[in-house]
Amino acid sequence: LTNNALTVVQSSIFEELGSLEIIDLSRNNMRHFNLSLTNMSSLNFLNLSHTQLSSLSVETRQNIDLLLTNHSVRVDMSRNPIRCECDNIDFLKWMVSSRAFDVNLTDYMCQYKDTSTIVIKDAYEETLVYLAARCADNSTLFLVVLSVTLCMVSFVVAAVVYRFRWRLRYMYYAAYLVVKGKRKDNPEAELFRYDVFISYASEDEEFILGKSYQ
């Protein structure tokens, strides 16, 4: 299937070909590799060179590692725009350490965020050192920003609660009394018709019934 301008290959295309030893998908335009290698027990060479692949999924890596436990497997991803960014550092580490790849990683490439691409000369050694430092800095910066943000939010919430503490307390007790008054199991709910009870002497009746209602 080499040099066919393929952009997508169905994941199950080789599913029934368990005895297949070589898969050559080189010189195509694939950006993603989704082939299932679970049943490829005889596979010994997977050629993915000269494509647009920048990484391999975790599942594919696990399948290759599983094949390596039984026999030798070689994978070629040379002349591909391998993404040399923090989000791809796990793949880079796996590729460098895996027995499936050429130890020297000859003709392997690095593509950066600005899409610039270079041919690496040291099997990604310098690249991994650089990414380890940069990604660690990003993680530290993220934690610092997150901590500062949480502190600011906590401070604002505390300030608002303190500013309106009496109103909030009033609203709480008002809601509590309303709920308590509506509860069916509250024996006091049916005892009183009015919210206020005023007791007064007969000589104060005119004042109570007159001015107190105004």
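For clarity, every value in this text was computed on a predicted model and none was experimentally measured. (Residues numbered from 1 in each chain as written. Predicted model: local features only at pLDDT ≥ 70, side-chain atom pairs only at ≥ 80, totals over all residues. Heavy atoms only, no water.)

1. A few points about the sheet that holds strand 1 (residues 22–24)
Working definition: the strands of a sheet are paired by backbone hydrogen bonds and lie parallel or antiparallel to each other.
Inference 1: Spatial ordering of the open sheet is given by 1-2-3, a layout of 3 strands whose pairing is parallel. Two strands bound the open sheet, and with one partner strand each, they are strand 1 and strand 3 (74–76). Averaged over all adjacent pairs, the angle separating strand axes in this sheet is 5 degrees, with direction ignored.
Inference 2: Relative to strand 2 (residues 45–47), strand 1 runs parallel, the two being bridged by 3 bridges. (Pairing = 2+ DSSP bridges. Helix = DSSP H or I, 4+ residues; strand = E, 2+ residues; numbered from the N terminus. Axes fitted to C-alpha atoms, helices over the stretch in contact; angles between N-to-C directions.)

2. Examining unusual backbone geometry
Inference 1: Located in the positive-phi region is Thr 115, a residue other than glycine, with phi close to 70 degrees.
Inference 2: Assessed through its relative accessible area of 58%, Thr 115 is described here as exposed.
Inference 3: The phi dihedral of Tyr 124 falls on the positive side, at around 70 degrees, and the residue is not glycine.
Inference 4: Within the secondary structure, Tyr 124 is located in the loop between strand 5 (117–119) and helix 3 (125–163). (Buried < 20%, exposed > 50% of the residue type's maximum accessible area, 1.4 Å probe, protein only.)

3. Looking at the packing of aromatic side chains
Inference 1: Within the structure shown, the criterion is met by 5 aromatic pairs.
Inference 2: Residues Tyr 172 and Tyr 176 carry aromatic rings whose centres are separated by 6.5 Å and whose planes lie at 20 degrees to one another, so their mutual orientation is stacked. Pair noted here: Tyr 172 and Tyr 176 are both in helix 4 (residues 165–182), with a separation of 4 residues, about one helical turn.
Inference 3: Overall, the relative accessible area of 42% leaves Tyr 176 in the partly exposed class.
Inference 4: Here a set of aromatic residues connected by ring pairs shows up, and it is made of Phe 91, Trp 94, Phe 101 and Tyr 108.
Inference 5: Geometry around Phe 164 places Arg 163 over its ring, the cationic atom sitting 5.0 Å from the centre.
Inference 6: Positioned above the aromatic ring of Tyr 162 is the side chain of Arg 165, whose terminal nitrogen or guanidinium carbon lies 4.1 Å from the ring centre. (Phe/Tyr/Trp six-rings, centres within 6.5 Å; stacked < 30°, edge-to-face > 60°. Lys NZ or Arg CZ within 6 Å of the ring centre and 35° of its normal.)

4. Observations regarding the packing of helix 1 (residues 58–68) against helix 2 (residues 89–97)
Inference 1: Contact geometry of helix 1 with helix 2 gives a least axis separation of 12 Å together with a crossing angle of 15 degrees. Between helix 1 and helix 2, the interaxial angle falls into the category roughly parallel. In this structure, helix 1 crosses over helix 2, and the sense of that crossing is left-handed. The segment helix 1 lies against helix 2, with Arg 61, Ile 64 and Asp 65 engaging Asp 90, Phe 91 and Trp 94. (Parallel < 35°, antiparallel > 145°, perpendicular 65-115°, else oblique. Left-handed = near helix turned anticlockwise from the far one by under 90°. Contact = heavy atoms within 4.5 Å.)

5. A closer look at the pattern of salt bridges
Inference 1: With the rule as written, the count across this model stands at 3 salt bridges.
Inference 2: Linking Arg 79 and Asp 107 is a salt bridge whose minimum nitrogen-to-oxygen distance equals 3.7 Å. Of this pair, Arg 79 sits in the loop between strand 3 and helix 2 while Asp 107 sits in the loop between helix 2 and strand 4 (109–111), placing them 28 residues apart in sequence.
Inference 3: A salt bridge links Arg 83 to Asp 87, with the shortest nitrogen-to-oxygen separation between them at 3.4 Å.
Inference 4: Arg 83 gets classed as partly exposed once you look at its relative accessible area, which sits at 27%. (Salt bridge = Lys/Arg side-chain N within 4 Å of Asp/Glu carboxyl O.)

6. Examining the state of the cysteines
Inference 1: As enumerated under the stated definition, the model contains 2 disulfides in all.
Inference 2: A sulfur-sulfur distance of 2.1 Å marks the disulfide that ties Cys 86 to Cys 135. Residues Cys 86 and Cys 135 share a disulfide whose torsion about the S-S bond is about -110 degrees; that sign makes it left-handed. Taken together, the residues Cys 86 in the loop between strand 3 and helix 2 and Cys 135 in helix 3 connect sequence positions 49 residues apart.
Inference 3: You can call Cys 135 buried: its relative accessible area is 13%.
Inference 4: Here the chain pairs its bonded cysteines, counted in sequence order, in the arrangement 1-3, 2-4. (Disulfide = S-S within 2.5 Å.)

7. Some details on the side chain of Ser 55
Inference 1: With respect to the helices and strands, Ser 55 occurs in the loop between strand 2 and helix 1.
Inference 2: Ser 55 gets classed as buried once you look at its relative accessible area, which sits at 18%.
Inference 3: Side-chain polar atoms of Ser 55 contact the side chain of Asn 88, separated by 2.8 Å.
Inference 4: Filtering out sequence-adjacent residues up to four positions away, Ser 55 remains in contact with Met 77, Asn 88 and Phe 91. (Polar contact = N/O pair within 3.5 Å; in protein donor to acceptor, adjacent residues only side chain to side chain.)

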